[in-house]
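Notes for the structure review
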Amino acid sequence: ATTEIYTLSLHDALPISKYNLKLKGQERVLLLSENAVYNIKPPIAKRCKVQRRISILDIDRLSVSTLGDNFIAIHVSEASEEYKRGDTLLQLERKTEFIATLVDAALALGHDIKLAFDDHIRARLYTTDLDVIVEENPGLEARAEQVEQVSKTTLKVSVGSELGSRAPVGKH
């Protein structure tokens, strides 16, 4: 598959971290169109390189934790050509807004994206399962998030009390 190169206005795009097979965060820009999600390398000399385009119709489900962390897994359908590349594991600050906008875009296309809520998020990249374990840590500052790689395939994400399960409604 060839990688397309576009010149884009990134005014509404989200800066994110995309996690690779080695669980290393890579700086990316996330762009959501009415038909697809784009994982884009940040612009160099006003040019952007699209690393991956996932049609909204190819998204089977989204996995997120029940806590106020910033992680999301985008799972592609087994019937999709994108399936061999696997899921996309992202860390983004405006997770809730992104999910709501993506679900709305899918509904406009007549497609239903399932949401899976679990504090153990599993994403498949190529043939490797990667895990994100999210837990509340009262020892952290109220709105803090701490990410630690605990094995070759597992990240532990600790969130402070305002982002945890005892957070007042509307504080996530």
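Anything mentioned here points back to the structure above.
Below, the structure is looked at part by part.

Regarding the overall build of the protein
The secondary structure content of the protein amounts to one helix and 13 strands. Sorting the 172 residues of the protein into buried and exposed places 42% on the buried side. The contacts of the protein with a sequence gap of at least 6 include a subset with a gap of at least 24, amounting to 49%. Counting every atom, the protein has about 9700 Å² of accessible surface; 49% of that belongs to carbon and sulfur.

Some details on the side chain of Ser-55
Within the element layout of this structure, Ser-55 appears in strand 5 (residues 47-55). Once residues within four sequence positions are removed from consideration, Ser-55 is found in contact with Asn-35 and Ala-36.

Concerning the environment of His-120
Here His-120 is to be found in strand 10 (residues 120-125). Taking the C-alpha atoms as reference points, His-120 and Val-134, separated by 14 residues in sequence, lie 6.4 Å from one another. Apart from residues lying up to four places away in sequence, His-120 is in contact with Asp-131, Val-132 and Ile-133. In this structure the side chain of His-120 is engaged in a polar contact, spanning 2.9 Å, whose partner is the side chain of Asp-131.

Let's talk about the sheet that holds strand 10
As summarised here, the arrangement of the four strands in space is 10-11-13-12, forming an open sheet in which the pairing is mixed. Edge positions in the sheet fall to strand 10 and strand 12 (145-151), since each has one partner strand and no second. Each adjacent strand pair in this sheet contributes to an overall mean axis angle of 20°, direction not counted.

As for helix 1 (residues 95-108)
Between its first and last C-alpha, helix 1 extends 20 Å over 14 residues, near the 20 Å set by a 1.5 Å rise per residue. Just downstream of helix 1, Gly-110 is the residue with a positive phi angle, here 75°.

Digging into empty space enclosed by the protein
It is a probe the size of a water molecule, rolled over the atoms, that shows where empty space is left. Per the stated rule, a full pass over the model turns up one cavity of 30 Å³ or more. Taken as a whole, the largest cavity spans an internal volume of roughly 50 Å³. What lines the largest cavity is simply Leu-30, Val-37, Asn-39, Arg-52, Ile-54, Ile-74, Thr-88 and Leu-90. Going through the elements one at a time, strand 4 (36-44), strand 5 and strand 8 (88-91) are the ones with two or more residues in the lining of the largest cavity.

Observations concerning the packing of aromatic side chains
Counting across every chain of the model gives one aromatic pair. With 5.4 Å between their ring centres and 40° between their planes, Tyr-19 and Phe-71 make a pair best called tilted. With a gap of 52 residues between them, Tyr-19 in strand 2 (residues 14-19) and Phe-71 in strand 7 (residues 71-76) connect regions that are remote in the sequence. Phe-71 carries the same exposure label as Tyr-19, and that label is buried. Across the ring face of Tyr-83, the terminal group of Arg-124 is positioned such that the distance to the ring centre comes to 3.9 Å.

A short note on the nonpolar core
Counting residues in hydrophobic clusters, the biggest one holds 19 residues, and the most contacted among them are Ile-59, Leu-62, Ile-72, Phe-98 and Leu-102. For this core, the secondary structure elements donating two or more residues are strand 6 (59-64), strand 7 and helix 1. By residue number, the principal contributor to this core is helix 1, which donates five residues. Not counting residues up to four positions away in its chain, the partners in contact with Leu-102 are Leu-32, Val-37, Ile-56, Ile-59, Leu-62 and Ile-113.

Parameters and conventions
Residues numbered from 1 in each chain as written. Predicted model: local features only at pLDDT ≥ 70, side-chain atom pairs only at ≥ 80, totals over all residues. Heavy atoms only, no water. Helix = DSSP H or I, 4+ residues; strand = E, 2+ residues; numbered from the N terminus. Buried < 20%, exposed > 50% of the residue type's maximum accessible area, 1.4 Å probe, protein only. Contact = heavy atoms within 4.5 Å. Areas by Shrake-Rupley, 256 points an atom, 1.4 Å probe, with all protein chains shown as cover. Polar contact = N/O pair within 3.5 Å; in protein donor to acceptor, adjacent residues only side chain to side chain. Pairing = 2+ DSSP bridges. Axes fitted to C-alpha atoms, helices over the stretch in contact; angles between N-to-C directions. Expected span 1.5 Å × (residues − 1). 1 Å grid on protein atoms, 1.4 Å probe; cavity = no way out; pocket = protein on both sides within 12 Å on 5 of 7 lines; lining within 4 Å. Points joined across faces, edges and corners; volume = space filled by probe spheres on them. Phe/Tyr/Trp six-rings, centres within 6.5 Å; stacked < 30°, edge-to-face > 60°. Lys NZ or Arg CZ within 6 Å of the ring centre and 35° of its normal. Core = buried A, V, L, I, M, F, W, Y, C linked by side-chain atoms within 4.5 Å.

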